[in-house]
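Survey of secondary and tertiary structure
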Amino acid sequence: MRAAPAYFDHNSTTPVRPEVLDAMLPFLREHFANPNSVHAQGQKVRRAVEEAREKVARLIGAADPAEVVFTSCGSEANVLAVQGALEAARERRPGAEKAPHLIASALEHDSIRDLCARLKARGFSVSVVGADSGGRVSPEDVARAIRPETALVSLMHANNETGAVQPVEEAARLCREKGVLFHTDAVQTAGKLPLSASRSGLDLLSLSGHKLNAPKGVGALWVRSGTRLTPLITGHQEKNRRGGTENAASIVALGAAAELAEREIEERSAGLQALRARLEDGLLAIPGAHRTVGSGERLPGTCHFCFPGIRGHELVVALDLEGFSASSGPACAAGQRNISHVLAAMGLAPELAEGALRLSLGWGNSREEVERLLKVLPEIIARLRDSRDTRVPAGESQGRGTR
Ligand code: PLP
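The structure displayed is predicted, hence computed values, not measured ones. (Residues numbered from 1 in each chain as written. Predicted model: local features only at pLDDT ≥ 70, side-chain atom pairs only at ≥ 80, totals over all residues. Heavy atoms only, no water.)

The helix and strand inventory of the chain stands at 12 helices and 12 strands. C-alpha extents for the chain along the principal axes are approximately 65 × 55 × 35 Å. Per-residue burial for the chain yields a buried fraction of 57% across its 403 residues. Across the chain, every contact between residues at least 6 apart in sequence was considered, and the portion connecting residues at least 24 apart equals 75%. Of the roughly 17,200 Å² of accessible surface on the chain, a fraction of 51% belongs to carbon and sulfur atoms. Averaging the positions of the 50 positive and the 48 negative side-chain charges in the chain gives two centres separated by 2 Å. (Helix = DSSP H or I, 4+ residues; strand = E, 2+ residues; numbered from the N terminus. Buried < 20%, exposed > 50% of the residue type's maximum accessible area, 1.4 Å probe, protein only. Contact = heavy atoms within 4.5 Å. Areas by Shrake-Rupley, 256 points an atom, 1.4 Å probe, with all protein chains shown as cover. Lys, Arg positive; Asp, Glu negative; His and termini not counted. Charge placed at Lys NZ, Arg CZ, Asp CG, Glu CD.)

Written as structure tokens, this is what we have:
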């Protein structure tokens, strides 16, 4: 009998935990009222939404739950932070000689990269700060890019592809010294790494439900008190910061997931690191294996390798046929090289970057699944290399870093 499919793509999305679903379902069934209604049924939902806000605030170390704004997803939280801060800066200084300036890193999620292009087209100015070969942005480079008209810096907390954790606290401190607002996209770190939003120099922090075992379609933006943002959706909800009737059931689910994550964060992190260590030992034994980020702090369950002589997306398809869900990089048109912007920013050679494989571990993964994957992976890679008639010297491992 064939084993159940094994899911190694938790950075892409995560399963909803049963406890989270149990918390959410009553708000789809019986407690359906609008949390903004004055009647008792509405106020019951309001209380549940506010409890969820407290749980999210605790997870990220926010001093005041009122600083948490619920959104429809992590992308919306990112756009509200970045566009909202830039527009608010422009509204504060109408007719200023220079338009507000944004600094973002070259590693950011597409929700921010695409927004940068749109903001430029609307007359804002944007600087992009590069990364080193280890996938990290230097806080000093960020500080050097600051100009008198800089309104905001946006630097992700950890990269979704490589798992490299960025020096956000140091960068935020340098920005605060210069009076510049700082946003971090913590979509990949909320629930995985301890956060202390209020005690850090951060002003804005985004997170997303579906990356921490809550459903898709709910996120949050933490906004330090006093930070001015122009809303994307007008309306009185969320203290005029985000219009639209709150998605109460999903917000309750996000609260339940945040509470679980807060309680389990250390144990989860240790478990994921142990599983990843075994996975990486096995991967490093594959000829030509290149661990993309070898040193420095990484997300506990993220494992990113490149295998020269293959195409990552072909590897992902071959793994899928064997019952393993994994990820590579951007989808690529036949015959074309399509290298992820993250690996390009790190200066990885295209032949290497093309053979990218991301395995991201999370709730539900077992040692048995890792062993099963390690049994088939070397054979699949050898077969793909043969089919492309590309030879990599056998036994020559380029795996970087030592553990
Ligand atoms: N930021 C990062 C780093 C992500 O990995 C993702 C999702 O892949 C997002 C933002 C967007 O989150 P959502 O899917 O909730 O819009």
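With that settled, consider the nonpolar core. Core analysis: the biggest nonpolar cluster contains 65 residues, and Val-56, Phe-70, Phe-182, Leu-205, Leu-207 and Leu-254 have the highest contact counts within it. Leu-207 has contacts with Val-56, Ile-60, Gly-74, Ala-186, Val-187, Ala-190, Gly-219, Ala-220 and Leu-254, leaving out every residue within four places of it along the chain. With 29 residues, the next largest nonpolar core counts Leu-315, Phe-324, Leu-357 and Leu-373 among its residues. (Core = buried A, V, L, I, M, F, W, Y, C linked by side-chain atoms within 4.5 Å.)

Around the ligand, the structure places 13 residues, and the nearest of them are Gly-74, Ser-75, Asp-185, Ser-208 and Lys-211. Between the ligand and Ser-75, the relevant distance is 2.7 Å, taken from an oxygen atom to a side-chain nitrogen or oxygen of the residue. Taking Lys-211, its side chain carries an N or O atom lying 2.6 Å from an oxygen atom of the ligand. Surface burial for the ligand is 88%, taken as the share of its 390 Å² of free accessible area covered by protein chains. A class-by-class count of the residues in the shell around the ligand yields 3 nonpolar, 8 polar and 2 charged. (Near = heavy atom within 4 Å. Polar contact = N/O pair within 3.5 Å; in protein donor to acceptor, adjacent residues only side chain to side chain. Nonpolar A, V, L, I, M, F, W, Y, C, P; charged D, E, K, R; others polar.)

Before going further, it helps to examine the packing of aromatic side chains. Overall, the coordinates contain 2 aromatic pairs when judged by the stated rule. Judged by centre distance (6.1 Å) and plane angle (20°), the ring pair of Phe-305 and Phe-307 falls under stacked. Phe-307 matches Phe-305 in its accessibility class, with the two residues each being buried. Cation over ring: Arg-90 sits above Phe-124, and NZ or CZ is 4.0 Å from the ring centre. (Phe/Tyr/Trp six-rings, centres within 6.5 Å; stacked < 30°, edge-to-face > 60°. Lys NZ or Arg CZ within 6 Å of the ring centre and 35° of its normal.)

Let us now look at the pairing of strand β7 (residues 204-208). By the criterion of burial, β7 is predominantly enclosed, with 5 of the 5 residues buried. Bridge count for strand β6 (residues 181-185) against β7 is 3 bridges, and the pairing is parallel. By the bridge assignment, Thr-184 is partnered in β7 with Leu-205. With 5 bridges connecting them, β7 and strand β8 (residues 219-223) associate as antiparallel partners. For Leu-204, the partnering residue across the bridge sits in β8 and is Val-223. (Pairing = 2+ DSSP bridges.)

Here we take up the sheet that holds strand β4 (residues 125-129). Pairing between sheet strands relies on hydrogen bonds along the backbone, with the strands arranged either parallel or antiparallel. Read across the open sheet, the 7 strands follow the order β2-β8-β7-β6-β5-β3-β4; overall the sheet is mixed. The sheet terminates laterally at β2 (68-71) and β4, the two strands that pair on one side only. The average angle at which neighbouring strand axes cross in this sheet is 20°, direction not considered. Looking at chain direction, strand β5 (residues 150-154) and β6 are connected through 3 bridges and run parallel. Bridged to Ser-154 within β6 is His-183. Contacting β2, β7 and β8, helix α2 (residues 40-60) runs over the sheet at an angle of about 110° to β2. (Axes fitted to C-alpha atoms, helices over the stretch in contact; angles between N-to-C directions.)

Picture a little ball the size of a water molecule; that probe, rolled over the atoms, points out where space is still empty. For the largest pocket, the calculated volume is near 330 Å³. Arg-268, Ser-269, Leu-272, Gly-362 and Trp-363 are the residues nearest the centre of the largest pocket, which is lined by 23 residues in total. Among the residues making up the lining of the largest pocket, the classes are represented as 8 nonpolar, 9 polar and 6 charged. (1 Å grid on protein atoms, 1.4 Å probe; cavity = no way out; pocket = protein on both sides within 12 Å on 5 of 7 lines; lining within 4 Å. Points joined across faces, edges and corners; volume = space filled by probe spheres on them.)

The next point concerns α2. The end-to-end C-alpha distance of α2, which contains 21 residues, comes to 31 Å, matching closely the 30 Å that a straight helix rising 1.5 Å per residue would cover. Listed as buried for α2 are Gly-42, Val-45, Arg-46, Ala-48, Val-49, Ala-52, Arg-53, Lys-55, Val-56, Ala-57, Leu-59 and Ile-60. Tucked into the core, α2 has its buried residues touching β2, β7, β8, α7 (237-240) and α8 (248-284). Where α2 terminates, the next one or two residues include Gly-61, which has phi positive at roughly 70°. (Expected span 1.5 Å × (residues − 1).)

Here we come to the sheet that holds strand β10 (residues 302-306). Taking strand neighbours across the sheet as the criterion, the 3 strands line up as β9-β10-β12 in an open arrangement whose pairing is antiparallel. Edge positions in the sheet fall to β9 (290-291) and β12 (356-360), since each of these pairs with one other strand and no more. Two strands pair when backbone bridges link them, and β9 and β10 are joined in this way by 2 bridges, in the antiparallel orientation. Its bridge partner being in β10, Arg-291 is matched across the sheet by Phe-305.

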